[in-house]
Amino acid sequence: MTLLTIPLRLKSWALVWEHWWTRKSYPHTMGIIRAAFGAWLLMYWAIRLPYIKILFSTDGIVFPKIPTYMPEKLEWLLQVPSPNIALAIYCLQLIALTTLTIGLHTRLSAFIAFCLSWYYFYLSLHLFHTSFDRLYILVLLVLSISKAGEYLSIECWEKYGSPLKWEKMVSIFPQRLLAFQITMTYFGVGFQKLWLPGWQGGEMLWYSMMGVWATPLAFKITSYGWSDLYHVGVNMVKMFELFIPFSFWIKKGKIRWIGMGSGLIFHVLIDLLLFIWWFAILIPSYIVFFSPEEFHAWLIRVSKNRIS
Amino acid sequence: MIIRIFRQALLLGYIFLTICALSYTLGRKQVPGVKWPFVTHFYAMMAPFQNYTTSNAELVAEGYRNRTWERIDLTNYLPHSRGEIAIRTRMSSFNDKKSIYTAMAEKLQTMEAANGRVYSSIRIVWEKWPKSQYGFYEGHTPDDTTRSNVTQFNL
């Protein structure tokens, strides 16, 4: 490689980078992600309906946290609202999530839901400070810059006569962002377990299955007493979490499918043994690891098979 | 062109903050010059369930009337799962936890009075007991449970 070829190489790398992150492609994947995430978040918020005044208004025990980056002039936004105002804000959140799910004014709906999710986080959810609430906020932000309403939406119905019809290719950028974030989440979660002191033995699993998150099934299992199998269990968890983020990107053989199967087993076991169900939405989200072209080809194959 | 530049800037900023978060997650090293509030959101997306305890703990609120302390059912005011209540009541977002717990006790006094239970004092206590393999409260016996007073609000 001579000095003269360096600019050419850099240019070609930049083109590959830009093509991978931002090329135009089929809208199906993001349309399905939008509908699935929207429905999940709608459920996540709708189940709070009976308690909304206690959770987010002066009727309950609510302690907002002002983020350090927030200008003083805007701090009034995070004052605990009166019950009627809290109900109105909550209704707006439900409406935004409903329209997001069905694909009506998709970007605006996602942006409103993003702003309100941010508001709820600092109003109250910060005390729970969970990874999934932060992931949900990020997904809503990504949906608000995506064209996820170009498939499986009311918008398509109005424009093309059917929610399943489509015309426009869309940027792959939002899909790549989601795939990258899911990868990094599994990567960080998995790799830190290699040296976190708590994760060096089966005690992690044993004591977690007797803690505040434990389900009746978990207590049923622990009632049989300690066993070295807990050490095996912890190592299995580590192996799953180390394997999953890489496997999603490997198209050779069945590695990607094995990774996704591992993710499915991992999350189902968490849901059965610990009341931590909020990450289950990651399972359908694995679809972002298929390229839109692959997914579109698969949809065509399925529809042809149905017709024949 | 402007959109392309904006998109790449957004992407590089996002990747940089994710790397800062990963650096802290894996090595407990903060990237110099990057303020933590910008990284915290990205760190928190990759850092659940890092440790365990050998005991269970629960925040308990008690109201004083008729010369006895009565336990207040917190689930009326914190309608969450046991795990979520346990995490929320740690008030870990706040540095000055005592003032928050006192505000909580004051609020509880008002809400209980509105429900016909008028207490002259409300106290907040942490109860801690060894975990049991047979159930969450199986180890919660008078001998094994330790109580630490957090705060008390008097009318």
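Residues numbered from 1 in each chain as written. Chains lettered and ligands numbered in written order. Predicted model: local features only at pLDDT ≥ 70, side-chain atom pairs only at ≥ 80, totals over all residues.

**Student:** Lay out the overall build of chain B with the relevant residues and their values.
**Tutor:** Counting secondary structure elements, chain B contains 4 helices and 4 strands. Summarising its shape, the C-alpha atoms of chain B cover approximately 75 × 40 × 25 Å along the three principal directions. Sorting the 155 residues of chain B into buried and exposed places 21% on the buried side. Restricting to contacts in chain B with at least 6 residues of sequence separation, those with at least 24 account for 53%. (Helix = DSSP H or I, 4+ residues; strand = E, 2+ residues; numbered from the N terminus. Buried ≥ 20, exposed ≤ 12 C-beta atoms within 10 Å, placed from the backbone. Contact = placed C-beta atoms within 7 Å.)

**Student:** If you had to explain the overall build of chain A to someone new, which residues and values would you point to?
**Tutor:** In terms of helices and strands, chain A carries 14 helices and 2 strands. On the principal axes, the C-alpha backbone points of chain A span a range of 60 × 55 × 55 Å. Counting over 308 residues, chain A shows a buried share of 39%. Here the analysis covers contacts within chain A between residues at least 6 apart in sequence; of these, 70% occur between residues at least 24 apart.

**Student:** Would you mind going over the domain arrangement of chain B in detail, with residue names and values included?
**Tutor:** Domain parsing of chain B yields domain 1 (2-44) and domain 2 (55-154). If you average the C-alpha positions of domain 1 of chain B and of domain 2 of chain B, the two centres end up 38 Å apart. (Domains from an automatic or database assignment.)

**Student:** Account for the nonpolar core, naming residues and giving values.
**Tutor:** By size, the foremost hydrophobic cluster in this structure holds 76 residues, and its most contacted members are A:A113, A:V139, A:L140, A:L178, A:M209 and B:A21. In contact with A:V139, not counting residues within four places along its chain, are A:F37 and A:L178. The next biggest cluster of nonpolar side chains, apart from the first, holds 14 residues, and it includes B:I72, B:Y101, B:A105 and B:V150. (Core = buried A, V, L, I, M, F, W, Y, C linked by C-beta atoms within 7 Å.)

**Student:** How would you sum up the domain arrangement of chain A? Please name residues and give values.
**Tutor:** Residue and element names in this part refer to chain A. Entries for chain A in the domain assignment read domain 1 (26-162) and domain 2 (173-290). For domain 1 versus domain 2, the distance between C-alpha centres works out to 26 Å. Contact residues are listed per partner, giving 16 residues for domain 1 and 14 residues for domain 2. At the level of elements, α2 (28-46) and α6 (131-144) are the ones that each hand at least two residues to the side of domain 1 that touches domain 2. Element by element, the count of residues in the side of domain 1 that touches domain 2 is highest for α2, at 7 residues. For the side of domain 1 that touches domain 2, the residue count by class is 13 nonpolar, 3 polar and no charged. (Nonpolar A, V, L, I, M, F, W, Y, C, P; charged D, E, K, R; others polar.)

**Student:** Help me get a handle on the environment of A:M210, residues and values and all.
**Tutor:** With respect to the helices and strands, the residue A:M210 is situated in the loop between α9 (203-208) and α10 (216-222). With near-sequence residues (within four places) excluded, A:M210 lies in contact with A:F219, A:T222, B:K131, B:S132 and B:Q133.

**Student:** Explain unusual backbone geometry to me, using residue names and the numbers behind them.
**Tutor:** Residues and elements named next belong to chain B. Although it is not a glycine, R28 adopts a positive phi angle of roughly 55 degrees. On the secondary structure map, R28 appears in the loop between α1 (2-27) and α2 (36-44). One non-glycine residue, R67, adopts positive backbone phi at about 65 degrees. As for its position among the elements, R67 is in the loop between β1 (55-65) and β2 (68-72).

**Student:** Would you mind going over the interface of chain B and chain A in detail, with residue names and values included?
**Tutor:** Of the residues lining the interface, 41 residues belong to chain B; the matching set on chain A comes to 43 residues. When grouped by side-chain class, the residues that make up the side of chain B that touches chain A number 20 nonpolar, 15 polar and 6 charged.

**Student:** Outline the sheet that holds strand β4 (residues 146-154) of chain B, listing residues and values.
**Tutor:** Residues and elements named next belong to chain B. Judged by pairing direction, the sheet is antiparallel, and its 4 strands sit side by side in the order β2-β1-β3-β4 without closing on themselves. Two strands lie at the open edges of the sheet, namely β2 and β4, each paired on one side alone. Strand-to-strand twist in this sheet, taken as the mean axis angle between neighbours without regard to direction, amounts to 30 degrees. Direction of pairing for β1 relative to β2: antiparallel, over a ladder of 5 bridges. Considered in β2, the bridge of Y64 is made with W69. Packed on one face of the sheet, helix α4 (residues 97-114) meets β1, β2, β3 (121-130) and β4 and runs near 65 degrees to β4. (Pairing = 2+ DSSP bridges. Axes fitted to C-alpha atoms, helices over the stretch in contact; angles between N-to-C directions.)

**Student:** Would you mind going over the packing of α1(B) against α2(B) in detail, with residue names and values included?
**Tutor:** Residue and element names in this part refer to chain B. Between α1 and α2, the least distance of the axes is 8 Å, while the angle of their chain directions is 70 degrees. Comparing the axis directions of α1 and α2 gives the class roughly perpendicular. From α1, L17, T18, C20, A21, Y24 and T25 reach across to α2, where they touch F38, V39, F42 and Y43. Broken down by class, the residue content of the contact of α1 with α2 amounts to 8 nonpolar, 2 polar and no charged. (Parallel < 35°, antiparallel > 145°, perpendicular 65-115°, else oblique.)

**Student:** Go over the packing of helix α11 (residues 229-247) of chain A against helix α12 (residues 255-273) of chain A, please, and point to the residues and values.
**Tutor:** Residue and element names in this part refer to chain A. Here α11 crosses α12 at 135 degrees, and the two axes come no closer than 8 Å. Taken together, the axes of α11 and α12 are oblique relative to one another. Crossing of α11 over α12 shows left-handed handedness. Residues F240, F243, I244 and S247 of α11 form the contact with α12, whose own contacting residues are I255, R256, I258, G259, S262, G263 and F266. A class-by-class count of the residues in the contact of α11 with α12 yields 6 nonpolar, 4 polar and 1 charged. (Left-handed = near helix turned anticlockwise from the far one by under 90°.)

**Student:** Before we move on, can you summarise the environment of A:L41 with the specific residues and values?
**Tutor:** All names here are of chain A. Structurally, the position occupied by L41 is in helix α2. Exposure remark for L41: the 24 C-beta atoms within 10 Å place this residue in the buried category. Distance from L41 to L97, taken between C-alpha atoms, is 7.0 Å for residues 56 residues apart in sequence. When sequence neighbours within four positions are dropped, the list of residues in contact with L41 reads L97, A113 and Y136.

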